[in-house]
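Listed below, chain by chain, are the residues.
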Amino acid sequence: MNSIRVRLGVLGLALLTGFTTPTAASATQAAPSPTVEEQRLSRAAPQEILRRSGFDTAAPRLARALEGARSYGEARRAVTREGARLWQRAVDRAQGRGPAGGDVSRDDDRPLYWARLGMTRDVRIWEPEFGLTDGQRAALLDELERTSRGQDAISYPHGKGLKRILLTGFDPFTLDRDIRISNPSGATALALDGTVIETSDGPARVETAVFPVRWRDFTGGTSQAFGTGGGTVERTLRPHLPKVDLFTTVSQGRVGRFDIERTNGAWRGGFGDNENIGRTETVPVSDPASQPQWTTTTLPYAAITAAQTGRFPVYDNTTVTEIPAGGTESVVRPDGPTPGSTARAGGGGDYLSNEIAYRATLLRDRLGLHGTLPGGHVHTPVLQFAPGNTTEVTDPEFVRNRLDIIAQVRAILKVAAETS
């Protein structure tokens, strides 16, 4: 039998998400150590969330499957199966299907996040007797990331009379500030995946996916040690944007308010991601010679902000930070960028929420869909615990806030679908 052996050592900083074709190697490579992100899994709050949701069984199930694998092909099939099972299990739980598995609210996105990390950790440290090359391990990790995030499960029914909406969310982040954090955008993705919104124009089918809060997954590039990584936004969205009627990327933003971000900037501001790595640079994309400094929303922001969609106010956010043409210092512009300026922050800032909005809308434009496809970014309110709760992993107000945010995103989608 093969074995799963945990090695504690120097932190590995590359959780691979790019596809690579496994290649033969003459010698087995040493298994990497768990990443910064994976090492948080041993703390009390993640373990409690997993136990109180029943998702503590996901990683052991994959580990047993890997122990029984006699070849790389068998391991690949096990990873694909268990990754897809985890995503569907999280969607089913969020939508009230099947057993709850515990007393953590069904709308909670955190069981999926922490269970996935347990699974990637087991793949990362796995040392099968038949040997595993770096490229093979990278491909297994990539497959697990894609399948457990719903990125390869986006599918719409055929036929006319059905609008198609694509929505993306994010993992929890800033976990070193508070390990208990949930991300309402990820919870929204689970709650809405595969659902139908009845609009005045007929039914609209929603498909969703969740993305990591890691700079390198968005970047692309090749590493000899860890395979081909990144480009995850374009890889996931490119096949679907020409076929959908509406898309929106969603992330957690400001306290007490929704924002429809009017403008997105081509700049990374350096804030640390879930691996505690920062990037300060122009957003790296293919064909940089034609890269614009700014992209804009094509969501019907005026109709959305005017509608009564829920208890949180919704703003048309037009503010950006730029270096004006011919200038050297950053300037905040409340009414959007000026001609020839260089981006330093979009309306959604200079972190990964701005970047996914920039990448998705740039892809829309490069596909020639700017004038025909409504799409952009929605920032949700910060999901807050009840005042005074600094230790418990959940509370009634925390659950109410998340449910209200999910319901309001759904209402925003309905308005957008009806007015586009």
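See above for the structure.
Residues numbered from 1 in each chain as written. Predicted model: local features only at pLDDT ≥ 70, side-chain atom pairs only at ≥ 80, totals over all residues. Heavy atoms only, no water.

Compared with an ideal rise of 1.5 Å per residue, which puts 23 residues at 33 Å, helix H4 (residues 72–94) spans 33 Å between its outermost C-alpha atoms and is within 8% of the ideal. Once H4 ends, the next one or two residues include Gly 96, with phi positive near 85 degrees. (Helix = DSSP H or I, 4+ residues; strand = E, 2+ residues; numbered from the N terminus. Expected span 1.5 Å × (residues − 1).)

What follows concerns the packing of aromatic side chains. In total, this model carries 9 aromatic pairs according to the counting rule given. Ring plane angle 80 degrees and centroid distance 5.7 Å describe the contact between Trp 126 and Phe 130, whose orientation is recorded as edge-to-face. Since its relative accessible area comes to 0%, Trp 126 is described here as buried. Geometrically, the ring pair formed by Trp 215 and Tyr 351 is edge-to-face, given 5.5 Å between the ring centres and 80 degrees between the ring planes. You can see Trp 215 sitting in helix H8 (residues 215–219) and its partner Tyr 351 sitting in the loop between strand S17 (342–345) and helix H11 (352–366), a full 136 residues away along the chain. Each member of the aromatic cluster is reached from another via a ring pair, and the members are Phe 173, Trp 215, Phe 271 and Tyr 351. Looking at Arg 89, its charged tip hangs above the ring of Phe 55, at a distance of 4.3 Å from the centre. (Phe/Tyr/Trp six-rings, centres within 6.5 Å; stacked < 30°, edge-to-face > 60°. Buried < 20%, exposed > 50% of the residue type's maximum accessible area, 1.4 Å probe, protein only. Lys NZ or Arg CZ within 6 Å of the ring centre and 35° of its normal.)

In this model, Thr 174 sits at a positive phi of 50 degrees, which is unusual for a non-glycine residue. Within the fold, Thr 174 resides in the loop between strand S3 (163–170) and helix H7 (184–192). Positioned with a positive phi, Asp 287 is a non-glycine residue whose angle comes to about 50 degrees. Looking at the element boundaries, Asp 287 is found in the loop between strand S12 (280–282) and strand S13 (294–296).

Moving on: the side chain of Arg 93. By the secondary structure assignment, Arg 93 is in helix H4. No salt bridge forms around the buried Arg 93; measuring N to O, its nearest opposite-charge neighbour Asp 108 is 6.4 Å away. Of note is the side chain of Arg 93, whose polar atom sits 2.6 Å from the backbone oxygen of Val 104. If near-sequence neighbours (up to four positions away) are discounted, Arg 93 is found in contact with Arg 52, Ser 53, Phe 55, Ala 100, Gly 102, Val 104, Ser 105 and Arg 106. (Lys, Arg positive; Asp, Glu negative; His and termini not counted. Salt bridge = Lys/Arg side-chain N within 4 Å of Asp/Glu carboxyl O. Polar contact = N/O pair within 3.5 Å; in protein donor to acceptor, adjacent residues only side chain to side chain. Contact = heavy atoms within 4.5 Å.)

Now for the side chain of Arg 149. Here Arg 149 is to be found in the loop between helix H6 (134–148) and S3. Leave out the neighbours within four places in its chain, and Arg 149 touches Trp 87, Arg 116, Asp 171, Ala 209, Val 210, Phe 211, Pro 212 and Arg 214.

This part is about the pairing of strand S4 (residues 196–199). Of the two faces of S4, the one holding Ile 197 and Thr 199 is buried and the one holding Val 196 and Glu 198 is not buried anywhere. The pairing of S4 with strand S5 (residues 202–211) spans 4 bridges and is classified as antiparallel. Residue pairing in the sheet places Glu 198 in a bridge with Pro 203 of S5. Counting the residues in the hairpin turn of S4 and S5 gives 2 residues. (Pairing = 2+ DSSP bridges.)

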